[in-house]
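Fold and geometry: a report
Now for the letters of each chain:
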Amino acid sequence: MKEQARISKQVLADRLREFIDPEYVIVDEETQKPYECDGLSVYTEMPMLVVLPETTHQIQEVMRICHHYGVPVIARGAGTGLCAGAMPRPDAVVLSLAKFNQILDVDVNARTARVQPGVRNLAISEAVGEFGLYYGPDPSSQIACTIGGNVAENSGGVHCLKYGLTVHNVLKLELITVEGDRISVGSEGLDSAGFDLMAVLTGSEGLLGVVTEITVKLLPTPEVAQVVMAAFDSVKKAGDAVGAIIAAGIIPAGLEMMDGYAIQAAEAFAGAGYPTEAEALLLCEVDGTREEVDEHLSRVEEMFVELGAFATRVSHNEQERALLWKGRKSAFPAVGRLSPDYYCMDGTIPRGQLTHVLTEMQKMSDHYGLRVANVFHAGDGNLHPLILFDANVPGELEKTEEFGAKILELCVEVGGCITGEHGVGIEKIRQMHSQFNDSELSIFHGVKHAFDPQGTLNPGKGIPQLKRCQEYRSLEQISEPAAGSKEVHHD
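These notes cover the structure that comes with them.

Conventions we followed
- Residues numbered from 1 in each chain as written.
- Predicted model: local features only at pLDDT ≥ 70, side-chain atom pairs only at ≥ 80, totals over all residues.
- Heavy atoms only, no water.
- Helix = DSSP H or I, 4+ residues; strand = E, 2+ residues; numbered from the N terminus.
- Pairing = 2+ DSSP bridges.
- Axes fitted to C-alpha atoms, helices over the stretch in contact; angles between N-to-C directions.
- Contact = heavy atoms within 4.5 Å.
- Phe/Tyr/Trp six-rings, centres within 6.5 Å; stacked < 30°, edge-to-face > 60°.
- Buried < 20%, exposed > 50% of the residue type's maximum accessible area, 1.4 Å probe, protein only.
- Lys NZ or Arg CZ within 6 Å of the ring centre and 35° of its normal.
- 1 Å grid on protein atoms, 1.4 Å probe; cavity = no way out; pocket = protein on both sides within 12 Å on 5 of 7 lines; lining within 4 Å.
- Points joined across faces, edges and corners; volume = space filled by probe spheres on them.
- Nonpolar A, V, L, I, M, F, W, Y, C, P; charged D, E, K, R; others polar.
- Patch = residues over 30% accessible without salt bridge, like charges linked within 9 Å, V, L, I, M, F, W, Y side chains within 5 Å.
- Areas by Shrake-Rupley, 256 points an atom, 1.4 Å probe, with all protein chains shown as cover.
- Salt bridge = Lys/Arg side-chain N within 4 Å of Asp/Glu carboxyl O.
- Parallel < 35°, antiparallel > 145°, perpendicular 65-115°, else oblique.
- Left-handed = near helix turned anticlockwise from the far one by under 90°.
- Expected span 1.5 Å × (residues − 1).
- Arc of directions from axis to C-beta.
- Lys, Arg positive; Asp, Glu negative; His and termini not counted.
- Charge placed at Lys NZ, Arg CZ, Asp CG, Glu CD.

Some thoughts on the environment of Glu277
Turning to its location among the elements, Glu277 is positioned in the loop between helix H10 (260-270) and strand S14 (280-288). As a C-alpha pair, Glu277 and His316 span 39 residues in sequence and 23 Å in three-dimensional space.

Written out as structure tokens, the structure is:
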């Protein structure tokens, strides 16, 4: 431990420059600036240094050196995450995987692709499209987000209702442990022996290892895919329609919902043809053979009208379908037109609770005096409320965070959870206590310790301290003077 305490930024940088191009060992603050946060820019911190390796061997050496000196390592993909999961620390190395951007192999017969973690989500589908294949999970940021980041957060997207999250579409991972060892988890077969470590690692937010290679499943491109857009004059009617579609035995490829604020912003941004007078909008995509799409499409449109839709529209070609989805996938940046800042939340609820939760959120909105634009994966109950605020107004960010915490607690109360695909990171770490008790969190800590005994992989993220530890430390602070403090005696 004494050796760990002696390492300095300059010495560490010199050690790393022995095997990495010095240009990609970044120590100056100006060049480090783009790495100070991820997509949740209300949380920022500067790293000790940033390193961009080009080979797996270089990653191994970085991990071995940092492990030897006890230096924290924070792996980073494209930085599009929304939970401050890739936020640096002043004592940590940010390990960027931006140079690992190659599709290594495509097996058309097995319908798999082996890719590096820095490959963009959309790039996989673009590369295999000529074979009539594509990669299923499609986060709204798929044009920029990387597959490594998708694995870290277990990302979903608009089509996860039918085709699943990242965990359902990844077969095998190669990763570097905190000690610098290279291991493989999963297989290209249907199942693997031993514990299901794929499910442990997918969604582990960089806390357990650094992923260097991913084998993903590929899906055949559907013969036909069409979208029904339905506009409603109330959020309740739209919410009830979501449950009715699923109850009818129809599993759409995607079933998305937007409220009035989001509709207006998305239409102004994308010109998708959304009726801006609507209070809620549903986008329901049906895919498959021509016959099943025709059957389900007409039934879905009929049900929407029966359940109160005042307007419907069906895409008749791929251009119209893409335009309807463009509005939805542009909703996050588009909402930036409505407010100087917004806070994007992420919680999941049972579909049957949709109307109740949206009604309660409106009450909270009135209580806090903050507008909320709702954009979410209605089919699987994954909410993405966007709380509109102005960070320049003193106290408004803190009020926004409190509002967001209440939304997550409401999700848990109705039988849901505090995240669907964005992860916990720093943003939701306090709400983990709403979801799990100390006994459950102790298991998480046990898994973390098994992979990372020193706790140097992305420390301070994902898993909170146990409540009993926090209470004990509070008692210690009351009974003993803080380290380095001076005791003052009065006669």
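Comments concerning the sheet that holds strand S9 (residues 182-186)
The 5 strands lie next to each other as S5-S6-S10-S8-S9, forming an open sheet whose pairing is antiparallel. If you trace the sheet from one side to the other, it starts and ends with strand S5 (103-107) and S9, each paired once. Across the sheet, the mean angle separating the axes of adjacent strands is 15 degrees when strand polarity is ignored. Alignment of S5 against strand S6 (residues 112-115), held across 4 bridges, turns out to be antiparallel. Across the sheet, the residue bridging to Asp107 is Thr112, located in S6.

With respect to the sheet that holds strand S1 (residues 25-26)
The 4 strands are arranged S1-S2-S4-S3 in an open sheet whose pairing can be described as mixed. Of all strands in the sheet, those with a lone pairing partner are S1 and strand S3 (73-76), marking the two edges. By the bridge criterion, 4 bridges tie S3 to strand S4 (residues 93-96) in an arrangement that is parallel. Looking at S4, one finds that Arg76 is bridged to Ser96. Across the face of the sheet, helix H2 (residues 9-17) comes into contact with S1, strand S2 (49-51) and S4 while running at roughly 10 degrees to S2. Across the sheet, helix H4 (residues 56-69) touches S2, S3 and S4, and the angle it forms with S4 is around 165 degrees.

With respect to the packing of aromatic side chains
The description of an aromatic ring pair uses the distance of the two centres, along with the angle that the planes make with each other. Across all of its chains, the model carries 4 aromatic pairs by this definition. On the numbers, 6.1 Å between centres and 90 degrees between planes, the contact of Phe232 with Phe304 is edge-to-face. Residue Phe232 is found in strand S12 (residues 224-232), and its partner Phe304 is found in helix H11 (residues 290-306); the two are separated by 72 residues along the sequence. Residue Phe304 is classed as buried on the basis of its relative accessible area of 0%. Above the face of the Tyr24 ring, Lys99 is positioned so that its terminal group lies 3.8 Å from the ring centre.

A short note on the layout of surface pockets
Size it by volume and the second largest pocket reaches roughly 800 Å³. If you trace the second largest pocket, you find 29 residues lining it, with Gln142, His159, Glu318, Arg321 and Lys329 closest to the centre. At the level of elements, helix H5 (121-128), S12, S14 and helix H12 (318-329) are the ones that each hand at least two residues to the lining of the second largest pocket. Here the lining of the second largest pocket gets 5 residues from one element, more than from any other, and that element is H12. Looking at the lining of the second largest pocket residue by residue, the classes come out as 10 nonpolar, 10 polar and 9 charged.

Brief notes about a nonpolar patch on the surface
A contiguous nonpolar patch, built from Phe195, Leu197, Val200, Ile443 and Val447 and spanning about 470 Å² of accessible area, is present on the exposed surface. Of all the secondary structure elements, the ones that give two or more residues to the nonpolar patch are helix H8 (197-201) and helix H17 (438-451). Considering the arrangement of structural elements, one finds Val447 in helix H17. Taking relative accessible area as the criterion, Val447 reaches 32% and is therefore assigned partly exposed.

Observations concerning the packing of H2 against H4
Each pair of packed helices gets described by two things: the angle between the helix axes and the distance between those axes. Between H2 and H4, the shortest axis-to-axis distance is 10 Å and the interhelical angle comes to 155 degrees. Relative to H4, H2 is oriented roughly antiparallel. Between H2 and H4 lies a crossing of right-handed hand. Here Leu12, Arg15 and Leu16 of H2 come into contact with H4, specifically with Val62, Ile65 and Tyr69. Taken together, the residues of the contact of H2 with H4 break down into 5 nonpolar, no polar and 1 charged.

A closer look at helix H9 (residues 235-247)
The end-to-end C-alpha separation of H9 is 19 Å, in line with the 18 Å expected for 13 residues at 1.5 Å each. Taken residue by residue, H9 has Ala238, Gly239, Ala241, Val242, Ile245 and Ile246 as its buried positions. For H9, the arc enclosing every buried residue in end-on projection is 155 degrees, short of the 170-degree limit, so these residues lie on one face. Here the buried face of H9 lies against helix H7 (160-163), S12, strand S13 (254-259), S14, H11 and helix H14 (354-368). Gly249, located one to two residues past H9, shows a positive phi value of around 85 degrees.

Considering the pairing of S12
Most of S12 sits inside the fold, with 8 of its 9 residues counted as buried. The sheet contact formed by S12 and S14 spans 9 bridges and is antiparallel. The residue of S14 that forms the bridge with Val227 is Glu285. Bridge count between S12 and strand S15 (residues 311-314): 4 bridges; the pairing is antiparallel. Its bridge partner lying in S15, Ala230 is registered against Thr312.

A closer look at a negative patch on the surface
Residues Glu223, Glu291, Glu292 and Glu295 make up a contiguous surface patch of negative charge. The topology assignment puts Glu223 in the loop between strand S11 (219-220) and S12.

What to know about the pattern of salt bridges
Summed over the entire model, instances satisfying the criterion amount to 21 salt bridges. Asp138 is paired through a salt bridge with Lys329; the nearest N and O atoms lie 3.2 Å apart. Remark: Lys329 occurs in helix H12 and Asp138 occurs in the loop between strand S7 (133-134) and helix H6 (147-153); sequence separation between them is 191 residues. Considered together, Asp138 and Lys329 belong to a single accessibility category, that of buried residues. For Glu427, the salt bridge is made with Lys428, and the minimal N-O distance between the two is 2.9 Å. A single burial state applies to Glu427 and to Lys428, both of which are buried. The network of salt bridges with shared partners includes Glu285, Glu318 and Arg321.

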